Amino acid sequence: MGSLSSTLLWLLICATIIDAQLTPNFYARTCPTLQSIVRDTMAQAVAKEPRMGASMLRLFFHDCFVNGCDASVLLEDTPSFKGEKNAYANQNSLRGFKLMDIIKKNVEAKCKSTVSCSDILALAARDGVVLLGGPKWTVSLGRKDSRTASFEAANVNLPPPTANLATLISLFAAKNLTARDMTALSGAHTIGMARCSTYRSHIYNEANNINAAFATTKMATCPSIGGDDNLAPLDTSTPNHFDNGYFRNLMAKQGLLHSDQELFNGGSQDAWVRLYARSNYALSKDFVVAMLKMGSISPLTGFSGEIRRHCRFVN
Ligand code: HEM
Ligand SMILES: *[C@@H]1O[C@H](CO)[C@@H](O)[C@H](O)[C@H]1NC(C)=O
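Residues numbered from 1 in each chain as written. Chains lettered and ligands numbered in written order. Predicted model: local features only at pLDDT ≥ 70, side-chain atom pairs only at ≥ 80, totals over all residues. Heavy atoms only, no water.

> For this particular structure, what's the right way to read the site of ligand 1?
Neighbouring ligand 1 are 26 residues; Arg51, Ser55, His189, Met193 and Arg195 lie closest to it. At 2.7 Å from an oxygen atom of ligand 1 is found a side-chain nitrogen or oxygen belonging to Arg51. Within the backbone of Met193, an N or O atom sits 2.9 Å from an oxygen atom of ligand 1. Among the secondary structure elements, those contributing two or more residues to the shell around ligand 1 are helix H3 (51-64), helix H7 (165-173), helix H8 (179-186) and strand E1 (193-195). The element best represented in the shell around ligand 1 is H3, accounting for six residues. In terms of residue class, the shell around ligand 1 is made up of 15 nonpolar, seven polar and four charged. Here the shell around ligand 1 spans two domains, and each of domain 1 (23-159) and domain 2 (165-293) adds at least three residues to it. (Near = heavy atom within 4 Å. Polar contact = N/O pair within 3.5 Å; in protein donor to acceptor, adjacent residues only side chain to side chain. Helix = DSSP H or I, 4+ residues; strand = E, 2+ residues; numbered from the N terminus. Nonpolar A, V, L, I, M, F, W, Y, C, P; charged D, E, K, R; others polar. Domains from an automatic or database assignment.)

> Help me understand the domain arrangement of the chain, please; the structure alone is not making it clear to me.
It is common to report an interface's size as the accessible area lost on association of the parts. Per the domain assignment, the segments making up the chain are domain 1 (23-159) and domain 2 (165-293). Taking only C-alpha atoms into account, the centre of domain 1 sits 23 Å from that of domain 2. At the interface, 23 residues of domain 1 touch 19 residues of domain 2. Of the roughly 1800 Å² buried at the junction of domain 1 and domain 2 (both faces included), carbon and sulfur atoms supply 74%. Inspection of the region where domain 1 meets domain 2 yields zero salt bridges. (Contact = heavy atoms within 4.5 Å. Buried area = accessible area lost by both parts, 1.4 Å probe. Salt bridge = Lys/Arg side-chain N within 4 Å of Asp/Glu carboxyl O.)

> In this structure, what is going on with the environment of Leu59? I would like to understand it.
Relative to the elements of secondary structure, Leu59 occurs in helix H3. Placed 19 residues apart in sequence, Leu59 and Thr78 show a C-alpha to C-alpha distance of 20 Å. In this structure Leu59 touches Val73, Leu74, Leu94, Arg95, Gly96, Phe97, Met100 and Leu121, once residues within four positions along its chain are discounted.

> Explanation requested: the site of ligand 2 in the structure shown.
The environment of ligand 2 is made up of Ala174, Asn176, Ile297 and Ser298. The side chain of Asn176 places a nitrogen or oxygen atom 2.4 Å from an oxygen atom of ligand 2. In isolation ligand 2 has 360 Å² of accessible area, and contact with the protein removes 35% of it. Partitioning the shell around ligand 2 into residue classes produces two nonpolar, two polar and no charged. (Areas by Shrake-Rupley, 256 points an atom, 1.4 Å probe, with all protein chains shown as cover.)

> Before we go on, may I ask you to explain helix H4 (residues 97-110) in this structure?
The periodicity of an α-helix, 3.6 residues per turn, causes residues three or four places apart in sequence to face the same way. Counted at 1.5 Å a residue, the expected span for H4 with its 14 residues is 20 Å, and the 21 Å between its end C-alpha atoms agrees. Looking at H4, one finds that the buried residues are Phe97, Leu99, Met100, Ile103, Lys104, Val107 and Glu108. The inward-facing, buried residues of H4 contact helix H2 (34-48), H3 and helix H5 (117-131). (Expected span 1.5 Å × (residues − 1). Buried < 20%, exposed > 50% of the residue type's maximum accessible area, 1.4 Å probe, protein only.)

> Would you explain the packing of H4 against H5 in this entry?
A packed helix pair is summarised by two numbers, namely the angle formed by the two axes and the spacing between the axes. Between H4 and H5, the shortest axis-to-axis distance is 10 Å and the interhelical angle comes to 115 degrees. With respect to their mutual orientation, H4 and H5 come out roughly perpendicular. Both H4 and H5 take part in a crossing whose hand is right-handed. Judged by residue contacts, Met100, Ile103, Lys104 and Val107 of H4 engage Cys117, Ile120, Leu121 and Ala124 from H5. Taken together, the residues that form the contact of H4 with H5 break down as seven nonpolar, no polar and one charged. (Axes fitted to C-alpha atoms, helices over the stretch in contact; angles between N-to-C directions. Parallel < 35°, antiparallel > 145°, perpendicular 65-115°, else oblique. Left-handed = near helix turned anticlockwise from the far one by under 90°.)

> Is there a simple way to think about the UniProt feature "site: Transition state stabilizer" (unreviewed entry) in the chain in this case?
UniProt records the feature "site: Transition state stabilizer" (unreviewed entry) for Arg58 in the present numbering. Turning to its location among the elements, Arg58 is positioned in helix H3. Assessed through its relative accessible area of 32%, Arg58 is described here as partly exposed. If near-sequence neighbours (up to four positions away) are discounted, Arg58 is found in contact with Ala89, Ser93 and Leu94. (UniProt positions renumbered as here; feature names shortened; annotations may be inferred.)

> How do you make sense of the side chain of His62 when you look at a structure like this?
With respect to the helices and strands, the residue His62 is situated in helix H3. At a separation of 2.6 Å, a polar atom in the side chain of His62 contacts the side chain of Asn90. His62 has contacts with Val73, Glu84, Ala89, Asn90, Leu94 and Leu158, leaving out every residue within four places of it along the chain.

> Which parts of the structure should I look at to understand helix H13 (residues 270-278)?
Among the residues of H13, Asp270, Val273, Tyr276 and Ala277 are the ones counted as buried. End-on, the buried residues of H13 take up no more than an arc of 130 degrees, which puts them together on one face. Exposed side chains of H13 directed beyond 90 degrees from the buried face belong to Ala271 and Arg278. (Arc of directions from axis to C-beta.)

> What is the right way to read the environment of Ile203 from this model?
By secondary structure assignment, the location of Ile203 is in helix H9 (residues 196-205). Judged by relative accessible area, Ile203 falls into the buried class, the value being 3%. As for Ile203 and Tyr276, which are separated by 73 residues in sequence, their C-alpha atoms are 24 Å apart. Those residues in contact with Ile203, other than ones at most four positions away along the chain, are Ile210, Ala215, Lys218, Met219 and Cys222.

Here it is, written out as structure tokens:
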């Protein structure tokens, strides 16, 4: 090959790397066993504690919504920045950090300094959903890890359970996700738990917008004073199974969080809630589309970011 054409070829290769889009085959050569390592470790963890599937899904959401899916949520505080772990929506509730360490260690043992923590988290979130009976999808890969994190951005970008529908829609719109994406993604609340402090005011102070018997049942484990950390399932009927029960609950005014019930309260999302309550198929389809969009929020690719050796610390 002539030197001109080989120079052009190199330019093309470099441009491709710099401009890299996420792709399912990103580690096909460099770490062919990646997906089975993550899946096996997730399967063990979920067998021991089903909630872990939910916790990894939420961890991924809280990563992606704060400066993109870059594993910033996993970083410990350092002298140069305050991390995201103690932001309002994360402190005392975000889980899965130890499991991330275990998965990362297992991946490192086979593929040293090759796979980013952000990609591992994207796979773990998908596997958590699948292991709890939810839809399966192909995860696009090639994210790098950030060298910093933002306490301030976490406090601004993550939706609080007190949010009304307009606020929820605008927080998702800020990430280029539609209201319909937001409603489908909220289907994640078909699994996992919430602390009393996040739903107390909904069960005590919103009699007009909650099923009375449901509210009374919830009061038994969430007193009006104290018991802040007492847990209740976000989906009363099947908290360890990914299905559309969450949407049927909303139609029966049995949303646990104020923000949940906002999706079915005479507003623009009622029609989607009805659809998802009726059709598991429609929910699965829209949930997957929205997860792929959420998973590609502002990824660091090519030469930006790094492959962290340990997910809690920059290299
Ligand atoms: C629409 C706005 C949302 C709000 C206001 C919200 C709020 C919350 C709150 C307050 C909790 C309980 C946290 C605690 O106990 O302190 C929670 C749990 C959870 N959230 Fe959301 N969330 C939203 C959207 C999402 C999305 C988009 C996903 C994922 C795609 C998600 C996945 C989860 C999961 C799986 C849990 C249970 C976690 C566990 O058991 O460890 N949430 N959410
Ligand atoms: C949303 O889309 C706009 C326009 O394409 C783009 O400039 C912006 O970076 C996107 N934001 C996110 C968080 O992806």
